[in-house]
Amino acid sequence: MTLIAEDVFLLLVDDTEGKPSVDSTKFPRVLAGALILELAMNGAVRITEKNEPVKDGRLVVAGPPPADPLLARAHAAIASEKHPMKPQKAIEKLQKKLTEEVGSRLASQGFVTEKRDKVWGLFPTTTWPARDVRRQDWARKWIASAVVDGTTPTPEISALISLVAAVDAVPKVLPGVDKKMAKRRAKEIADGEWASAAVRKAVQDVNTAVMAAVMVPIMVSTTSS
């Protein structure tokens, strides 16, 4: 069984070139958001609300670490903070080298081929062209069913849609579909009643954090130029 972050990876990496279809700022951060969201869906973490001892909007541990090593490490990173983090800070902490780790996991499962090369013979680069597209085809089929046909998605597919929408990539996952309609429907699904109130809060906060996190490097670059 793949993680939500792995499904996001498969959907957003080009089958032939093996490179992300969204920019390098967005991609690892949406993967990190997927880890946090899956932990929340499993009850391993939650986001605090008002009138709690911890400030509202912070990530706190709510259950034992999952068996999966990548989720367990994300859980440990959240638990290790002396002062609970906001989702955006957790995303920044978890996103480092995450693209390579998720890519390697998927290569070991036979979904992609991990190809290492050097740009101009100097700078190491890794790509992940598709090897077995059945999993991403399954995810794309059910995303299209929900976004285009209006069917009720499962929590897993709803989570995928919300994350893809957070990096404005729904049209990339569903090429040829009316962009405005797809974005509107994806937002409706992300905001819908598909999960518990605690998980819905996590979805909202994680998606907001992903969008905010991808803007920070852009703003820094613009300011420094």
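Reading the values: the criteria
- Residues numbered from 1 in each chain as written.
- Predicted model: local features only at pLDDT ≥ 70, side-chain atom pairs only at ≥ 80, totals over all residues.
- Heavy atoms only, no water.
- Helix = DSSP H or I, 4+ residues; strand = E, 2+ residues; numbered from the N terminus.
- Rg over C-alpha atoms; globule rule 2.2 N^0.38 Å.
- Buried < 20%, exposed > 50% of the residue type's maximum accessible area, 1.4 Å probe, protein only.
- Contact = heavy atoms within 4.5 Å.
- Lys, Arg positive; Asp, Glu negative; His and termini not counted.
- Charge placed at Lys NZ, Arg CZ, Asp CG, Glu CD.
- pLDDT = per-residue confidence, 0-100.
- Patch = residues over 30% accessible without salt bridge, like charges linked within 9 Å, V, L, I, M, F, W, Y side chains within 5 Å.
- Areas by Shrake-Rupley, 256 points an atom, 1.4 Å probe, with all protein chains shown as cover.
- Salt bridge = Lys/Arg side-chain N within 4 Å of Asp/Glu carboxyl O.
- Phe/Tyr/Trp six-rings, centres within 6.5 Å; stacked < 30°, edge-to-face > 60°.
- Axes fitted to C-alpha atoms, helices over the stretch in contact; angles between N-to-C directions.
- Parallel < 35°, antiparallel > 145°, perpendicular 65-115°, else oblique.
- Nonpolar A, V, L, I, M, F, W, Y, C, P; charged D, E, K, R; others polar.
- Core = buried A, V, L, I, M, F, W, Y, C linked by side-chain atoms within 4.5 Å.
- Left-handed = near helix turned anticlockwise from the far one by under 90°.

1. Here's the deal with the overall build of the chain
- In terms of regular secondary structure, the chain is built from ten helices and four strands.
- Each helix and strand of the chain, placed in order from N terminus to C terminus, yields the pattern α-α-β-β-α-α-α-β-β-α-α-α-α-α.
- On C-alpha atoms alone, the chain measures out to a radius of gyration of 17 Å, which is about the 17 Å that the 2.2 N^0.38 rule sets for 225 residues.
- Dimensions of the chain, computed from C-alpha atoms along their principal axes, come out at roughly 55 × 45 × 40 Å.
- By the burial criterion, 48% of the 225 residues in the chain qualify as buried.
- Across the chain, the fraction of contacts at a sequence separation of at least 24, relative to all contacts at a separation of at least 6, is 62%.
- Distance between charge centres in the chain, computed from 32 positive and 27 negative side chains, equals 4 Å.

2. What about the confidence of the model for the chain?
- Of all residues in the chain, 94% attain a pLDDT of 70 or more, and the chain-wide mean is 90.
- Contacts for the low-pLDDT stretch residues 217-225, under 50 throughout, to residues beyond four places or in other chains number two contacts.

3. Quick word on a nonpolar patch on the surface
- Judged by side-chain polarity, V119, L122 and F123 come together as a nonpolar surface patch covering roughly 300 Å² of accessible area.
- Structurally, L122 is set in the loop between β3 (115-119) and β4 (123-127).

4. Topic: the packing of aromatic side chains
- Under the counting rule described, the total for this entry stands at two aromatic pairs.
- For the pair F9 and F27, a centre-to-centre distance of 5.4 Å together with 55 degrees between the ring planes defines the contact as tilted. With F9 in helix α1 (residues 4-12) and F27 in helix α2 (residues 26-41), the pair connects residues that are 18 residues apart, well separated along the chain. In terms of burial, F9 and F27 fall into one category: buried.
- Judged by centre distance (5.5 Å) and plane angle (80 degrees), the rings of F9 and W128 are edge-to-face. With F9 in helix α1 and W128 in the loop between β4 and α6 (134-147), this residue pair connects regions lying 119 residues apart in the sequence.
- For W128, a relative accessible area of 5% corresponds to the buried category.
- Following the ring pairs from residue to residue traces out a cluster consisting of F9, F27 and W128.

5. Observations concerning the packing of α2 against helix α5 (residues 98-108)
- Remark: α2 packs on α5, axes separated minimally by 9 Å, with the N-to-C direction vectors making an angle of 70 degrees. Considering the angle they form, α2 stands roughly perpendicular to α5. Facing α2, whose interface residues are F27, P28, L31, A32 and L35, α5 presents L98, T99 and V102.
- Taken together, the residues of the contact of α2 with α5 break down into seven nonpolar, one polar and no charged.

6. Observations regarding the nonpolar core
- Ranked by size, the top nonpolar core spans 68 residues in total, and within it V8, L12 and I143 carry the most contacts.
- It is α2 that contributes the most residues to this core, ten residues altogether.
- Apart from residues lying up to four places away in sequence, I143 is in contact with L11, V148, I157, L160, I161, V173 and L174.

7. Observations regarding the pattern of salt bridges
- Within the structure shown, the criterion is met by 17 salt bridges.
- Ionic pairing is found between E6 and R105, a salt bridge with its closest N-O pair at 2.9 Å. Placement of the pair is E6 in helix α1 and R105 in helix α5, with a sequence separation of 99 residues.
- The structure contains a network of salt bridges with shared partners spanning E6, D68 and R105.

8. Some remarks on the packing of α2 against helix α4 (residues 87-94)
- It is the contact of α2 with α4, at a shortest axis distance of 8 Å, that shows an interaxial angle of 115 degrees. At the point where α2 passes α4, the crossing takes the right-handed sense. On α4, the residues touching R29, A32, G33 and I36 of α2 are P87, A90, I91, E92 and L94.
- Residues that form the contact of α2 with α4 fall into these classes: six nonpolar, one polar and two charged.

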